[in-house]
Amino acid sequence: MFKSIRWRFILIYFLLVFLAMSIVGIYIVNQLEDIQLEMNRINMEKRIRSIIYSSEVLNNKEWDESIEEIQNSISSVQVGYNENIYVILNDVNRTIIAGSVEEAIGVSAFNSNKINNYILTNSMNGPAHIQPMDQFDDLESKYYHMSFPVQPDGHIKGYIYLVNNIDYIYDTVNESKQIMTQATIIALTLTIFLGLILSTSITGPVKELTVKAKQMSLGDFDQKVNVKSDDEIGQLGNMFNYLIDQLKRTMSNLQQEKSKMETTFKYMADGVLTVDTSGSIIHANPVAESILSLKNDEKFDEAIHRFKDSISMDYIKSMGYHGTDIIEKNGETYNIDYAPFMNNKNEVGGVILVFKNITEQYKIDKLQREFVANVSHELKTPITTIKSYTETLLDGGVEEKEVADEFLNVINSESDRMSRIVSDLLKLSRMDYEQTNWNLDEINLCQIVILVVKKLQIQIKNKDLNVHIQVPEDINIKFDRDGFEQILLNIAGNAVKYTPEKGKLWIEAKEEEKYTVVKVRDSGHGIPKEDLTRIFERFYRVDKARARELGGTGLGLSIAKQIAEAHNSTISVKSEMNKGTEMVITIPR
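Residues numbered from 1 in each chain as written. Predicted model: local features only at pLDDT ≥ 70, side-chain atom pairs only at ≥ 80, totals over all residues. Heavy atoms only, no water.

## Overview of the overall build of the chain
When helices and strands are tallied, the chain shows 17 helices and 17 strands. Residue burial in the chain is summarised as follows: out of 589 residues, 38% are buried. Expressed as a percentage of contacts within the chain between residues at least 6 apart in sequence, the contacts between residues at least 24 apart total 57%. (Helix = DSSP H or I, 4+ residues; strand = E, 2+ residues; numbered from the N terminus. Buried < 20%, exposed > 50% of the residue type's maximum accessible area, 1.4 Å probe, protein only. Contact = heavy atoms within 4.5 Å.)

## Re a negative patch on the surface
Residues Glu 62, Asp 64, Glu 65 and Asp 153 make up a contiguous surface patch of negative charge. Here Asp 153 is to be found in the loop between β4 (143–150) and β5 (158–165). The exposure class of Asp 153 is partly exposed, given its relative accessible area of 48%. (Patch = residues over 30% accessible without salt bridge, like charges linked within 9 Å, V, L, I, M, F, W, Y side chains within 5 Å. Areas by Shrake-Rupley, 256 points an atom, 1.4 Å probe, with all protein chains shown as cover. Salt bridge = Lys/Arg side-chain N within 4 Å of Asp/Glu carboxyl O. Lys, Arg positive; Asp, Glu negative; His and termini not counted. Charge placed at Lys NZ, Arg CZ, Asp CG, Glu CD.)

## A look at the sheet that holds strand β9 (residues 332–342)
Sheet architecture is open: five strands sit in the order β7-β6-β10-β9-β8, paired in antiparallel fashion. Every other strand in the sheet has two partners, leaving β7 (281–284) and β8 (323–329) as the edge strands with one partner each. For this sheet the average axis-to-axis angle between neighbouring strands, irrespective of direction, equals 20°. (Pairing = 2+ DSSP bridges. Axes fitted to C-alpha atoms, helices over the stretch in contact; angles between N-to-C directions.)

## Quick look at the side chain of Thr 274
Examined against the element boundaries, Thr 274 turns out to sit in strand β6 (residues 271–276). When sequence neighbours within four positions are dropped, the list of residues in contact with Thr 274 reads Ser 280, Ile 281, Ile 282, His 283, Phe 341, Val 351 and Ile 352.

## Topic: a nonpolar patch on the surface
A surface patch of nonpolar side chains, amounting to about 500 Å² of accessible area, comprises Ile 186, Leu 190, Phe 193, Leu 194 and Ile 197. For Phe 193, the position within the fold is in helix α5 (residues 167–217).

## Thoughts on the sheet that holds strand β15 (residues 515–522)
Strand order in this open sheet of five strands is β12-β14-β15-β17-β16, and the pairing throughout is mixed. One side of each edge strand has no neighbouring strand; the edge strands of this open sheet are β12 (466–470) and β16 (570–576). Neighbouring strand axes in the sheet, compared pairwise and without regard to direction, differ in orientation by 10° on average. Two strands pair when backbone bridges link them, and β16 and strand β17 (residues 580–588) are joined in this way by seven bridges, in the antiparallel orientation. For Lys 574, the partnering residue across the bridge sits in β17 and is Glu 582. Running at roughly 25° to β15, helix α15 (residues 481–497) makes contact with β14 (504–511), β15, β16 and β17 of the sheet.

## A word on the packing of α15 against helix α17 (residues 556–566)
Their axes nearest at 9 Å, the elements α15 and α17 cross at an angle of 145°. Where α15 crosses over α17, the two elements pack in a sense that is left-handed. Contacts between α15 and α17 involve Gly 483, Gln 486, Ile 487, Asn 490, Ile 491 and Asn 494 from the first element and Gly 556, Leu 557, Ile 559, Ala 560, Ile 563 and Ala 564 from the second. When grouped by side-chain class, the residues that make up the contact of α15 with α17 number seven nonpolar, five polar and no charged. (Left-handed = near helix turned anticlockwise from the far one by under 90°. Nonpolar A, V, L, I, M, F, W, Y, C, P; charged D, E, K, R; others polar.)

## A word on the nonpolar core
Among the nonpolar cores identified, the biggest contains 41 residues, and Leu 445, Phe 484, Ile 487, Leu 488, Ile 571 and Ile 585 are the most heavily contacted of them. At the level of elements, α13 (445–455), β13 (476–480), α15, β14, β15, α17, β16 and β17 are the ones that each hand at least two residues to this core. Broken down by element, this core gets its largest block of residues, seven residues, from α15. Among residues more than four places away in sequence, those in contact with Phe 484 are Ile 443, Leu 445, Ile 448, Ile 477, Phe 479, Val 518, Ile 585 and Ile 587. With 28 residues, the next largest nonpolar core counts Met 44, Ile 51, Ile 85 and Tyr 170 among its residues. (Core = buried A, V, L, I, M, F, W, Y, C linked by side-chain atoms within 4.5 Å.)

## Quick notes on the packing of α13 against α15
Packing of α13 against α15 leaves a shortest axis separation of 10 Å and a crossing angle of 50°. It follows that α13 is oblique to α15 by the angle criterion. Taken as a pair, α13 and α15 cross one another with a handedness that is right-handed. Contacts from Leu 445, Ile 448, Val 449, Leu 451, Val 452 and Lys 455 in α13 reach Arg 481, Phe 484, Glu 485, Leu 488, Leu 489 and Ala 492 in α15. The class makeup of the residues in the contact of α13 with α15 is nine nonpolar, no polar and three charged. (Parallel < 35°, antiparallel > 145°, perpendicular 65-115°, else oblique.)

## Considering the pattern of salt bridges
Pairs can form between side chains of opposite charge once their charged atoms are near each other. As enumerated under the stated definition, the model contains 13 salt bridges in all. Here Glu 511 and Arg 589 are joined by a salt bridge, their closest N and O atoms 3.7 Å apart. Taken together, the positions of Glu 511 in strand β14 and Arg 589 in the segment after β17 put the pair 78 residues apart, joining distant regions of the chain. A relative accessible area of 39% means that Glu 511 is categorised as partly exposed. For Arg 589, a relative accessible area of 59% gives the class exposed. Bridged by salt links that share partners, the residues Glu 38, Arg 41, Glu 45 and Arg 49 form one connected network.

## As for α15
Given a rise of 1.5 Å per residue, 17 residues ought to cover 24 Å, and the 24 Å separating the end C-alpha atoms of α15 matches this to within 8%. Burial analysis of α15 places 12 of its 17 residues in the buried class, which makes it a mostly covered element. Of the positions making up α15, those classed as buried are Gly 483, Phe 484, Glu 485, Gln 486, Ile 487, Leu 488, Asn 490, Ile 491, Ala 492, Gly 493, Ala 495 and Val 496. The N-cap of α15, judged by a side-chain oxygen 3.3 Å from the amide nitrogen of Asp 482 a few residues on, is Asp 480. (Expected span 1.5 Å × (residues − 1). Polar contact = N/O pair within 3.5 Å; in protein donor to acceptor, adjacent residues only side chain to side chain.)

## Side note on the confidence of the model for the chain
Mean pLDDT for the chain: 79, with 84% of residues reaching 70 or above. In this model, residues 133–139 is a region of pLDDT below 50 whose contacts with residues beyond four sequence positions or in other chains number seven contacts. Note that residues 544–551 has pLDDT below 50 and, in this model, 12 contacts with residues that lie over four places away or in other chains. (pLDDT = per-residue confidence, 0-100.)

## Overview of helix α3 (residues 67–75)
Among the residues of α3, those classed as buried are Ile 70, Ser 73 and Ile 74. Along the axis of α3, the buried residues cluster in a sector spanning 95°; they form a single face. Opposite the buried face of α3, at more than 90 degrees from it, the exposed residues are Glu 68 and Ser 75. (Arc of directions from axis to C-beta.)

## What about the environment of Leu 236?
Looking at the element boundaries, Leu 236 is found in helix α6 (residues 232–267). Separated by 31 residues in the primary sequence, Leu 236 and Pro 205 have C-alpha atoms spaced 9.2 Å apart.

## Re the packing of aromatic side chains
Under the defined criterion, the tally for this structure stands at three aromatic pairs. With centroids separated by 6.4 Å and ring planes inclined at 0°, the aromatic side chains of Phe 14 and Phe 18 adopt a geometry described as stacked. With Phe 14 and Phe 18 both in helix α1 (residues 5–54) and four residues apart, the pair spans about one turn of that helix. Of the residues examined, Phe 14 reaches a relative accessible area of 26% and is grouped as partly exposed. Directly above the aromatic system of Tyr 170 lies the positively charged group of Lys 142, at a separation of 5.9 Å from the ring centroid. Arg 521 extends its terminal NZ or CZ atom over the ring of Trp 506, reaching a point 4.3 Å from the ring centre. (Phe/Tyr/Trp six-rings, centres within 6.5 Å; stacked < 30°, edge-to-face > 60°. Lys NZ or Arg CZ within 6 Å of the ring centre and 35° of its normal.)

## Observations regarding the side chain of Ser 569
Among the structural elements, Ser 569 can be located in the loop between α17 and β16. For Ser 569, the residues in contact, after removing those within four places along its chain, are Phe 479, Ala 564, Thr 586, Ile 587 and Pro 588.

The structure is reproduced here in structure tokens:
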């Protein structure tokens, strides 16, 4: 029964009220008892003091000589129906010399079962009292004892001993207990009744939500709950209805995304293959089916072994389901990347393999491997020229001054060209192996731009170029000074070289939120679209003959790009034929 939140709610509510009523009841009854007893003690003390102060014999005469007078004085005192008074002489036996109980007169207080010897003895130091003690009173009644020493002249003449029946106090306390018990029973009954009503108002909507949620779990999302209040339960109902609407939209979006993914996998250029841990093929898009020539119910190992024996499911497992490999088929080269996917238990459920056609990239890699051959070719031309002109001079050409001067100028030019090639190659080599030490400084961009323009001033003047510089003087960048100068010199130098006479050159800079952007733009012939992606390759020239004629090595932009990347910067290019070229340097701030 208590598995239901309804009954647990009632039980908790019941226990809270029961504990509260019990604690309050016990506290009130105990306080009532203590207050009544304290009031009784005060009244008894006032009663005794009144008796002493109203009797001259008790204050001014010796008690052992005035026993009869004392008896007459006490006899005139009105004694309540529920109390007894004893006058006890302060002798060795503590003799009772007067009182409201005649049979006790003349008896030693120590031998009387109506007097508490303990408080009598303690009253030597002042008034003493004690609450009911069964060993001195009969079982059916309770009495309060008080002993009060009489010492008008500083020494104790005797004691006034008062015994008060306090059954009425405990009758009142017991009646209070009964009232508190009845109130608790009434409160608990109302608690159960109100708890049923309150819990029903809470659990009713919760049950409705449970039923609706169960219908949702079966795939029926056309569920709505009736909201009857604006409290937390009503808000929960509104949120459930909102969740239904959102879930329907999400399911619709998921269905759309699933359709998109299926369409994407179906028509994407790369092959995608999904294999479980047992080696069974779960999914393959058309490209993967074409690459592997898959057959119905074919295992992964059977399909892949037609192209490469080293790849198998066991091999992929041994690699931790992560890795890459290459296969070839019909002159095409494919790169295989594979990684695991997880099941609902967060365990490896299998592996996804992506077959990417890298034939073109493979060819580019092959071209890059031909880099050494290109270097050899670039160096061979000036070396051959130098050797042939030197041999001519050695064979007697040196005798003809004009011929000798011309040949020596050619030799000097070719030597400079070889020096530039070797110097650029050394720079690239050092950057490739991260052997270049960059000194990052705060440098003023405007100063660097002006310095670079001054270094190119002769070429600019010879071509009568119009240079526009729009660089704010307050822009600073964190860069290696020589490195940035090299970047700007290579880019601006190219712009000057390939811009026709009387052309224009713009150098601009601005600060954006996270970057400083430097643009070098010219009005030259531009770069063909098919060459834009390759201009940063080493030894790549758009116009090879003209580039050599102008003294270019084909390494300037490669050097600029590597210096920029070493400083977490980028260089991009925009160009249109016959409209000029724009190089953009983006530097993080």
